[in-house]
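Residues per chain, in single letters:
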Amino acid sequence: MSTERREPRRVRPGPGANARRPARTDQPRLIDDAPTPAAVPAPTPTPTPTPTIEELRPSPRDRALLAVRAGGRIVARLDEALAAELDLRPGVAWTPELAARAAHLELVGRARRAGVRLLGKSDKTRAELRERLLRAGHAPEVVDDALDRLQRAGALSDERVARRAAERAATDRPAGTGAVRARLESRGVDAPTTSEATRDLDAPGAELARAKGLITPLACDARAQPRAGRPGAAHRKALALLARRGFDEDVAMRAIEEVLGPVPDSDGRPDFDDAGA
């Protein structure tokens, strides 16, 4: 028996053996080949219904105000006149536009009430009251609206302030016309209003008459208690008073000469600027 070892039979590849094998259909597909799921529409938000005004009643905090209730809560506190201006009443829709207007008028009402309190203490010009309200923290647009309303109501009037200042200068506290005008302009009164109010103070002889009336009591005192060795003392005192009250220098010197007599020669003409210091 032969012991020769046999080699395994080799199979020679046939034609087309090196060709690409077809892709297997049972392999898992890539993610790009996966079907796109249908988009789920976002839920449509349910619109919030616009609340309506339920009632208007006096505010527990301030009985002078009306509390406006809408949507189950207090949404504004307004003066009755401002609530009427917005035509607020039960059943009216409390829209964002109406809420914004009410919020503005609520601030205007606060500024107006503060202005009324300040005017109750002393009469003020528009410029003076505006400055006080701004310093109190009210917004400029709110202050201007409140001042307009006070003017329309007659509670605020530059004309009245100027007229009273002129009347006081003519009677209770005599003063020079120029000083009255300068004071009014410094308080914010415009030039036409100032000129109109002080027109009577400029009448012929009016300023001289006021100056003479102011220093006449000094003449009586000088005659009753003459000051020996001090010539011209009454003249200097009168001149100082007239200078402080803002009288024109020529008017002041003429009034002194007509009431107290000529300035003593030894004293010379007093210095008007130094007298008013």
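Conventions used here
Residues numbered from 1 in each chain as written. Predicted model: local features only at pLDDT ≥ 70, side-chain atom pairs only at ≥ 80, totals over all residues. Heavy atoms only, no water. 1 Å grid on protein atoms, 1.4 Å probe; cavity = no way out; pocket = protein on both sides within 12 Å on 5 of 7 lines; lining within 4 Å. Points joined across faces, edges and corners; volume = space filled by probe spheres on them. Helix = DSSP H or I, 4+ residues; strand = E, 2+ residues; numbered from the N terminus. Nonpolar A, V, L, I, M, F, W, Y, C, P; charged D, E, K, R; others polar. pLDDT = per-residue confidence, 0-100. Pairing = 2+ DSSP bridges. Axes fitted to C-alpha atoms, helices over the stretch in contact; angles between N-to-C directions. Contact = heavy atoms within 4.5 Å. Parallel < 35°, antiparallel > 145°, perpendicular 65-115°, else oblique. Left-handed = near helix turned anticlockwise from the far one by under 90°.

A. How the structure looks around the layout of surface pockets. Put simply, the largest pocket is a space of about 450 Å³. Broken down by secondary-structure element, the contributors of at least two residues to the lining of the largest pocket are helix 5 (158-170) and helix 6 (177-186). Per-element accounting of the lining of the largest pocket gives the leading share, five residues, to helix 5. Taken together, the residues of the lining of the largest pocket break down into six nonpolar, one polar and eight charged.

B. View of the confidence of the model for the protein. Counting all residues, the mean pLDDT for the protein is 85, and 77% of those residues have values of 70 or more. For the protein, helix 11 (residues 272-275) is the element with the lowest average pLDDT, namely 56, and helix 3 (residues 126-135) is the one with the highest, namely 98.

C. Representation of the sheet that holds strand 3 (residues 73-79) in the model. An order of 1-2-3 is seen for the three strands of this open sheet, with the pairing classed as antiparallel. The open sheet has two edge strands, strand 1 (53-58) and strand 3, and neither has a second partner. Averaged over neighbouring strand pairs, the angle between their axes works out to 25° when direction is ignored. Summarising the sheet, strand 1 and strand 2 (residues 65-70) pair through five bridges and their orientation is antiparallel. What sits directly across from Ile 53, in strand 2, is Ala 70. In the packing of helix 2 (residues 96-121) onto the sheet, the strands contacted are strand 2 and strand 3, and the crossing angle to strand 3 comes to about 45°.

D. Structural view of the packing of helix 3 against helix 4 (residues 140-153). At their nearest, the axes of helix 3 and helix 4 sit 10 Å apart, and the two run at 140° to each other. With respect to helix 4, the element helix 3 is oriented oblique. In the packing of helix 3 onto helix 4, the handedness of the crossing is right-handed. Side by side, helix 3 and helix 4 meet where Arg 126, Leu 129, Arg 130, Leu 133 and Leu 134 of the first sit next to Pro 140, Val 143, Asp 144, Leu 147, Asp 148, Leu 150 and Gln 151 of the second. Residues belonging to the contact of helix 3 with helix 4 are distributed by class as follows: seven nonpolar, one polar and four charged.

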